[in-house]
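Here's the letter readout for the chains.
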Amino acid sequence: MSHQARRRFGQNFLTDGNTIARILTAIAPAAADHIVEIGPGQGALTAPLLDSGCQLSVVEIDRDLAAQLRLRFAAAATFRLIEGDALKLDYATLQPAPLRIVGNLPYNISTPLLFHILRSRALVRDMHFMLQKEVVDRMVATPGGRDYGRLSVAIALRCRCTRLLSVPPGAFVPAPKVDSAVVRLEPFQSDESAPAWQPAQLDRVLLAAFSARRKTLRNALKSVIDADTLCRLDIDPTLRPEQIHPAQFAAIAEELGGSSVA
């Protein structure tokens, strides 16, 4: 059944068979998995995911697409349709855990959606997302690069992030005006990373630093923390924000905010 892509939902439907196959290879779904697919659209990934035997929960906000998916996969015993907004979903209610989350995320809400899901990362084994290439560039950037910034640090402190493949506009209908990329996120578990910074304090530090990224830390963070304290944390206040490692930003946030797992 045909469906007119809706701009308000950021719909671009993946149709290229080769790209679909490569994404499935990267995900490697198994019968024991509980996979959550965000924005299944017309079911390009949904059908082969179900073929793996996994338990599959799909989250679709578009009523028309939800109706089509409900009809198409009604006979699949491991299929569950959640009709609603992925930005408002409580992922802790999706059981059994751990969850494996996949999706071609609407580019206009991709960053807030990532952080919404990461609040429940203790329940998540991994995530495989299609995103705008420029967003992935920022997510995987390392200190010293031009793409390194707030998003790079915020992601690096929460999970391992790996770029998997690039996807051209022609792989979608309608074709977006930007290139895309697939990324894998593997949240740190408690035995790998025990953050002692509060999210609000980390956000405050990153906002101040990267809003003035051409300034030295001494000047960029002068309203947040003084140079003497930076030196005590073994952070050179004469460096610029793009030269500072994520762990050093975490140390600043910890110094400001006390202890709280984020």
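One can find the structure itself at the top, above this paragraph.
Residues numbered from 1 in each chain as written. Predicted model: local features only at pLDDT ≥ 70, side-chain atom pairs only at ≥ 80, totals over all residues. Heavy atoms only, no water.

### Quick word on the side chain of Glu37
Right, so step 1: Within the element layout of this structure, Glu37 appears in strand E2 (residues 34–38).
Right, so step 2: Of the side chains with opposite charge, Arg72 lies nearest to the buried Glu37, which makes no salt bridge, at 9.3 Å.
Right, so step 3: Apart from the residues within four sequence positions on either side, Glu37 is in contact with Leu45, Thr46, Leu49, Leu56, Ser57, Val58, Val59 and Val102. (Helix = DSSP H or I, 4+ residues; strand = E, 2+ residues; numbered from the N terminus. Buried < 20%, exposed > 50% of the residue type's maximum accessible area, 1.4 Å probe, protein only. Lys, Arg positive; Asp, Glu negative; His and termini not counted. Salt bridge = Lys/Arg side-chain N within 4 Å of Asp/Glu carboxyl O. Contact = heavy atoms within 4.5 Å.)

### Brief notes about the side chain of His128
Right, so step 1: Take His128: it is sitting in strand E6 (residues 124–132).
Right, so step 2: Classification of His128 as buried rests on a relative accessible area of 3%.
Right, so step 3: Only 2.9 Å separates the side chain of His128 from the side chain of Arg184, close enough to count as a polar contact.
Right, so step 4: Setting aside residues up to four positions removed in sequence, His128 forms contacts with Ala26, Ile27, Arg100, Ile101, Val102, Gly103, Leu164, Val183 and Arg184. (Polar contact = N/O pair within 3.5 Å; in protein donor to acceptor, adjacent residues only side chain to side chain.)

### Quick word on the nonpolar core
Right, so step 1: Core analysis: the largest hydrophobic core is formed by 28 residues, its most contacted members being Ile38, Tyr91, Ile101, Phe129, Leu131 and Met139.
Right, so step 2: Among the secondary structure elements, those contributing two or more residues to this core are E2, strand E5 (99–104), helix H4 (110–118), E6, helix H5 (133–140), helix H6 (150–156) and strand E9 (180–187).
Right, so step 3: Beyond its immediate chain neighbours, meaning those up to four positions away, Met139 contacts Leu114, Leu131, Leu151, Ser152, Ile155, Cys161, Val183 and Leu185. (Core = buried A, V, L, I, M, F, W, Y, C linked by side-chain atoms within 4.5 Å.)

### Thoughts on the packing of aromatic side chains
Right, so step 1: A complete count under the given rule lists 3 aromatic pairs for this structure.
Right, so step 2: Arranged with centres 5.3 Å apart and planes meeting at 40°, the rings of Phe73 and Phe79 form a pair that is tilted.
Right, so step 3: Since its relative accessible area comes to 15%, Phe79 is described here as buried.
Right, so step 4: An aromatic cluster is present here, built from Tyr148, Phe210 and Phe249 joined pairwise through their rings. (Phe/Tyr/Trp six-rings, centres within 6.5 Å; stacked < 30°, edge-to-face > 60°.)

### Comments concerning the pairing of strand E3 (residues 55–60)
Right, so step 1: Among the 6 residues that make up E3, 5 are buried, leaving the element largely enclosed by the rest of the structure.
Right, so step 2: Sheet topology places E2 next to E3; 5 bridges connect them, and they run parallel. Bridge assignment links His34 to a residue of E3, and that residue is Gln55.
Right, so step 3: Note on the crossover from E2 through helix H2 (residues 46–51) to E3: the handedness is right-handed.
Right, so step 4: Bridging between E3 and strand E4 (residues 79–83) involves 5 bridges; their strand directions are parallel. By the bridge assignment for E4, Val59 is matched with Ile82.
Right, so step 5: Handedness of the crossover joining E3 and E4 through helix H3 (residues 63–72) is recorded here as right-handed. (Pairing = 2+ DSSP bridges. Right-handed = clockwise from strand over helix to strand, strands pointing away.)

### What to know about helix H7 (residues 199–210)
Right, so step 1: Helix length check: H7 (12 residues) gives 16 Å between terminal C-alpha atoms against 16 Å at 1.5 Å per residue, within 8%.
Right, so step 2: All buried positions along H7 are accounted for by Gln201, Leu202, Val205, Leu206, Ala208, Ala209 and Phe210.
Right, so step 3: Considering only its buried residues, H7 is in contact with H6, helix H8 (217–220) and helix H10 (246–257). (Expected span 1.5 Å × (residues − 1).)

### Structural notes on the environment of Asp126
Right, so step 1: Within the secondary structure, Asp126 sits in strand E6.
Right, so step 2: For Asp126, a relative accessible area of 6% translates into the label buried.
Right, so step 3: It is 11 Å that separates the C-alpha atoms of Asp126 and Gln189, two residues lying 63 residues apart in sequence.
Right, so step 4: Beyond its immediate chain neighbours, meaning those up to four positions away, Asp126 contacts Leu99, Arg100, Ile101, Leu185, Glu186 and Pro187.
Right, so step 5: Of the polar contacts made by the side chain of Asp126, one reaches the side chain of Arg100; its length is 2.9 Å.

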